[in-house]
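Coordinates in review
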Amino acid sequence: MSAHLTILRAGPGLTVQDMGRPGYLDMGLSRGGAVDRLALAEGAALLGQADSLAAVEMAGMGGEFQADQDLRIALTGARMRAQIDGTTAVWNASHLLPAGARLSIGPAVAGSYGYLSVGGGVQGDLVLGACSAHLTAGIGAVLKAGDRLAISPDAGGATGMTFDPEDRFSGGEIRIVASCQTDLFAADVLERLQTTTFRRDARANRMGVRLESDGPGFHVSGGRSVLSESIVPGDIQVTGDGTPFVLLAECQTTGGYPRIGTVLPCDLPKVAQAPAGADLQFRFVSLDEAVSAERAAAQARAALPRALRPLIRDPRSLSDLLSYQLISGAIAGEEDVL
Amino acid sequence: MQDFPIIRTAGVDGLLISFAAALSEPANRAALAFRAALESKGWAGVEETSSSLVSAFVRFDPLRLSHAALHRQVQALLDQHDWYAADLPGGRRFWRVPTVFGTDLAPQLGQAAQAAGLSEAEAIRSLSQARVRVQTIGFAPGQPYLGELPPAWDIPRQKELTPRVPEGALVVALRQLVLFSVTTPTGWQHVGQTAIRLFQPDMPEPFLLRPGDEVQFTPIDPETLARMRSDPRGGASCETLA
């Protein structure tokens, strides 16, 4: 019998997500999938499994979970306060969730989207080759209290592993490349795009993030109309009032608003994870520089399994301290762990 | 402006091949045919292709296939044919879709007719007699852009969005019709309502319409539409075009 994870309490933005369903762009269905794919890859590395397996994405707020069998879990993405039966569970780490224990995950304290990965992966309903919920297309649904998620068999492996994630949870500089409509914008508007400090608006979802700024909007010279054209995640669309929107995983497949540039795929998690109010700046880079950055990001992702290290446990929380072999320097009592 | 077709990058992992700056029949045919050719090539490093109204789009892995190499391959393929003279896609079908024009189910028929300089009766006659073609599927899953309507229908989108237009809605602007596959906000004017379901993810054929298909919207009354709600195709009939 396969294991199940029951949702006892659900934040408002819990969905099953994987790497999405490519191949249906021509039929108007965008790829979708986790808005921070790197976080899924990190969860997979912590559990020593394929990053194609589905996990639970938690927008802004977690929930409470209980398993009917022992499960290995990993917590990645936006840091949230997590406890297993009242004991702190470190973020960016793998843990054992014993059968019957309560995993409680609170609001995000850094970033926007947290991920709960499970050894074996969440066994969602396969629709068009993927399990991910695509809410705007009507595929899948937001998870709610009482839902029971089937978990695929776990090949097994270590728990109690951690790593240092790439910092992408507080905004910052975002690299962009020119898009097919960048040259519709006047040079001074493009210059201003790069010198403006934007704030991530509270209005954001899996489709996109709205950016606020002081000063005038980023209008197209002459206000010319643009024919509806293919759009991709990362595109920065400028709406009629001059406000930029960065498109995310669940965007539409065509759009009629002009695009001023496109965010590098490897920098897109930084946009998605920026909390409301966080500062974001854009910088144009050449296509060559962008491809080099993508290559470096792919290499870092491939190296994740080698970046793991055992969690160092805080002796203050160890009831069985005396049973541990204490080697000088191996246990750092000041660290906020476990 | 450079001569069409033009090849432009769309982000770090996309290439857009555009056949015109504005919608035209030949450019639409060129986009559909060129996308089909790209798809059949199956080039290593190409991950997905699609077409929009007048462009073909390629998503690729720039770490496996360089921008320069893909650009060269695409240019060579462009040079092989007069894509503007290409045939429409094979296996096209003709759909008749029962539609309620106006009434409270499609409350913007009056204002759209007025914008087009027609009476409501004339507007219904014009829209229901037009045999339009699926120019592209996009925006939402299975959702067709249909054209081209007579010149009177070159009416702009509304400035204000209508917050919620239901699935199956027939909307008009810019000599085009769009038939909604999901409930969505829109600036297009809601002139008709159908019971057709264009995207059914759990069915063997999840997407009902294909680019190149022809469609005519036949007028019915609201009671007839209500009876058609239980049919996933909303009473639509389909025949294969030779």
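The name given to chain B in an unreviewed UniProt entry is Sensor histidine kinase inhibitor, KipI family, with Ruegeria intermedia as the source organism.

Labelled according to an unreviewed UniProt entry, chain A appears under the name Allophanate hydrolase, originating from Ruegeria intermedia.

Moving on, we get to the overall build of chain A. Within chain A, the secondary structure is distributed over four helices and 20 strands. In terms of overall size, chain A behaves like a compact globule, its C-alpha atoms giving a radius of gyration of 21 Å where 338 residues would be expected to give roughly 20 Å. In terms of its C-alpha atoms, chain A occupies a principal-axis envelope of roughly 75 × 45 × 30 Å. Among the 338 residues that make up chain A, the fraction classed as buried is 48%. Sequence separation of at least 24 residues holds for 78% of the intrachain contacts in chain A that already meet a minimum separation of 6.

Looking now at the interface of chain A and chain B. The interface is formed by 35 residues belonging to chain A together with 35 residues belonging to chain B. Looking at the side of chain A that touches chain B, the elements with two or more residues in it are β14 (229-230) and α4 (287-302) of chain A. Here the side of chain A that touches chain B gets six residues from one element, more than from any other, and that element is α4(A). In the side of chain A that touches chain B, the residues fall into 18 nonpolar, 12 polar and five charged.

It is worth spelling out the UniProt feature "domain: Carboxyltransferase" (unreviewed entry) in chain B at this point. Mapped onto this numbering, the UniProt entry gives "domain: Carboxyltransferase" (unreviewed entry) at residues 5-209 of chain B. Secondary structure within residues 5-209 of chain B divides into 23% helix and 30% strand; the distance between the first and last C-alpha atoms comes to 27 Å.

Sheet faces and side chains relate simply in a regular strand, where the side chains alternate between the two faces. All names here are of chain B. Here strand β5 (residues 93-101) pairs with strand β13 (residues 214-219) via six bridges, running parallel. When the bridges of β13 are listed, Arg96 appears paired with Gln216. Across two bridges, the pairing between strand β6 (residues 132-137) and β13 is antiparallel. Residue Arg133 lies in a different strand from β13, and its bridge partner there is Glu214.

The subject of this paragraph is the sheet that holds strand β2 (residues 14-18) of chain B. Residues and elements named next belong to chain B. Spatially, the four strands line up as an open sheet ordered β1-β2-β4-β3, and their pairing is antiparallel. Only two strands of the sheet have a single neighbouring strand rather than two, namely β1 (6-9) and β3 (46-51). Each strand of the sheet is rotated relative to its neighbour by a mean of 20°, with strand direction disregarded. Note: β2 against strand β4 (residues 55-60), five bridges, orientation antiparallel. Across the sheet, residue Gly14 finds its bridge partner in β4, namely Arg59.

Conventions used here
The numbering scheme is per chain: residues are counted from 1 as the chain's sequence reads. All chains are assigned letters beginning at A, and all ligands numbers beginning at 1, according to the order in which they are written. Only residues with pLDDT of 70 or above have their local features reported here, since the model is predicted, and side-chain atom pairs are shown and tallied only from 80 upward, although totals for entire chains, interfaces and linings are computed over all residues. A helix here means a DSSP run of H or I that spans at least four residues, while a strand means a run of E at least two residues long, and both kinds are numbered starting from the N terminus. Within these notes, the globule rule equals 2.2 Å times the number of residues to the 0.38 power, and the radius of gyration is based on C-alpha atoms. To assign burial, the other C-beta atoms lying within 10 Å of each residue's own C-beta are counted, with C-beta atoms placed from the backbone; 20 or more indicates buried, 12 or fewer indicates exposed, and intermediate counts indicate partly exposed. A pair of residues counts as a contact when their C-beta atoms, built from backbone coordinates, are separated by no more than 7 Å. When residue character is reported, Ala, Val, Leu, Ile, Met, Phe, Trp, Tyr, Cys and Pro are called nonpolar, Asp, Glu, Lys and Arg charged, and the others, Gly included, polar. UniProt positions are given in the numbering used here, feature names are shortened, and annotations may be inferred rather than shown by experiment. Should DSSP find at least two bridges between two strands, the strands are regarded as paired. The convention used is that axes are lines fitted to C-alpha atoms, helices contributing only their stretch in contact, and that angles between N-to-C directions extend from 0 to 180 degrees.

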